Amino acid sequence: MRHPGPAFLLLAATLAAACADDEATWPAVRTDMGWLATSPEGTAERFCPDGGDTLDVAGRMGGLRPDTTYRVMATHTAAPGPTTLTRVEMALVAAPRTYAHEKTDPVEAVSTWAGGGCINLRLAVRTRNEGTHYFGCIDRGVTRWPDGRQTLRLGLYHDQGSDPASFSRTLYVSFDLAPYAASLRAGDTVRVELPTFNSGTVTRTVVWPAR
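Attention in this report is confined to the structure presented alongside it.

Reading guide: rules and limits
- The numbers attached to residues start from 1 for each chain and follow its sequence in the written order.
- Restriction of local features to residues with pLDDT of at least 70 applies here, the model being predicted, together with a cutoff of 80 or more for giving and counting side-chain atom pairs; totals for whole chains, interfaces and linings are based on all residues.
- Calculated side-chain values reflect all of the structure's heavy atoms, with hydrogen atoms and water omitted.
- What makes a salt bridge here is a side-chain nitrogen of Lys or Arg within 4 Å of a carboxyl oxygen of Asp or Glu, nothing more.
- To sort residues, take the accessible area from a 1.4 Å probe on protein chains only and compare it with the maximum for the residue type: under 20% means buried, over 50% means exposed, and anything in between is partly exposed.
- Joining through side-chain atoms within 4.5 Å is the link that ties buried Ala, Val, Leu, Ile, Met, Phe, Trp, Tyr and Cys residues into a set, and such a set is a nonpolar core.
- Strands here mean DSSP runs of E at least two residues long; helices mean DSSP runs of H or I at least four residues long; both are numbered from the N terminus.
- Contacts were defined at the residue level, with two residues in contact if any of their heavy atoms lie within 4.5 Å.
- What makes two strands pair is DSSP finding at least two bridges between them.
- Stacked, tilted and edge-to-face are the three classes applied to pairs of Phe, Tyr and Trp rings, where Trp contributes its six-membered ring and a pair requires centres within 6.5 Å; stacked means planes under 30 degrees apart, edge-to-face means over 60, and tilted covers the rest.
- The criterion is that NZ of a Lys, or CZ of an Arg, lies within 6 Å of the ring centre and within 35 degrees of the ring normal, and then a charge sits over that ring.
- Angles run from 0 to 180 degrees between N-to-C directions of axes, and those axes are lines fitted to C-alpha atoms, restricted for helices to the stretch in contact.

### Comments concerning the pattern of salt bridges
Evaluation of the coordinates by the stated rule reveals nine salt bridges. One salt bridge connects E130 with R128, and the closest N-O pair in it is separated by 4.0 Å. Given the relative accessible area of 48%, E130 is considered partly exposed. A network of salt bridges, in which partner residues are shared, links E102, R140 and E193.

Written as structure tokens, this is what we have:
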């Protein structure tokens, strides 16, 4: 089962491996968004980067929930065989849903792309770490065009609560489109509306991939 659920706290969730020997020769690494599965003991077990093969995870990185799949941005070794995770940043995951009252507090929209069955957002929020931020995915329905194409319309739910807008902090949010997996086809588009500080509501349009 994927974790977390549809609306989430802003939290610091970065795990890093310690480096002690500055003279060591380091292996080649790469950074990918993907799904990280844990073992029954709560250690990282398998990492599936978007568009790539599932990799066994070397080492015993723990402190995670047992039998859970996380959405992560991970830096990991690129050599064949089991991969070593050197940095893992947790992403917030939200499935499309409707809200009785939509909250659209502004963010900075850094980038938007498709992968891993999700629409992925890199955002920056303005925070003083004095309150809780909640995020979600607003489902605004599907438009079907005469030529058979479809456009799924989504929005970012963001409730900044009582946290004052101060310094900028980046995070990742993934809209999990599993509920639309059976209906979205390659070539369909997903339009995401993002409330921003300087430009009002901006729209990012992503062409849906085949995988």
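### Section: the nonpolar core
I119, L121, L156, V173, F175, L177 and V190 are the most contacted members of the largest nonpolar core, which totals 24 residues. Those elements that place two or more of their residues in this core are β8 (92–94), β11 (118–127), β12 (134–144), β13 (150–159), β14 (167–176), β15 (189–195) and β16 (201–207). A per-element tally of this core places β11 first, with four residues. Excluding its chain neighbours within four sequence positions, the residues that come into contact with F175 are A94, G117, C118, I119, L121, G136, C137, L154, G155, L156 and V192. Of all hydrophobic cores here, the second largest spans twelve residues; its members include V57, Y70, L85 and V88.

### Looking at unusual backbone geometry
At D67, a residue that is not glycine, the phi angle is positive and equals roughly 50°. Counting through the fold element by element, D67 comes out in the loop between β5 (55–56) and β6 (69–77). Residue D67 is classed as exposed on the basis of its relative accessible area of 52%. At N129, a residue that is not glycine, the phi angle is positive and equals roughly 55°. In this fold, N129 is placed in the loop between β11 and β12.

### What about the pairing of β16?
Pairing between β15 and β16: seven bridges, direction antiparallel. Its bridge partner lying in β16, V192 is registered against R204. Joining the antiparallel neighbours β15 and β16 is a turn of five residues, in which G200 adopts a positive phi near 65°.

### Brief notes about the packing of aromatic side chains
Applying the stated criterion across every chain yields a total of one aromatic pair. The interplanar angle of 15° and the centroid separation of 4.4 Å between the aromatic rings of Y99 and Y157 together place this pair among those described as stacked. Highlighted residues: Y99 in the loop between β9 (96–97) and β10 (108–115) and Y157 in strand β13, separated in sequence by 58 residues. No difference in accessibility class separates Y99 from Y157, as the two residues are buried. The positively charged end of R97 is found above the aromatic ring belonging to Y99, 4.0 Å away from the centroid.

### Things to note about the sheet that holds β10
Across the sheet, which stays open at both edges, the four strands sit in the order β8-β14-β11-β10 with mixed pairing between neighbours. Across the chains shown, the open sheet's two edge strands, defined by having one partner strand only, are β8 and β10. Taken pair by pair, the neighbouring strands of this sheet meet at an average axis angle of 25°, ignoring direction. Alignment of β8 against β14, held across three bridges, turns out to be parallel. Paired with L92 across the bridge in β14 is V173.

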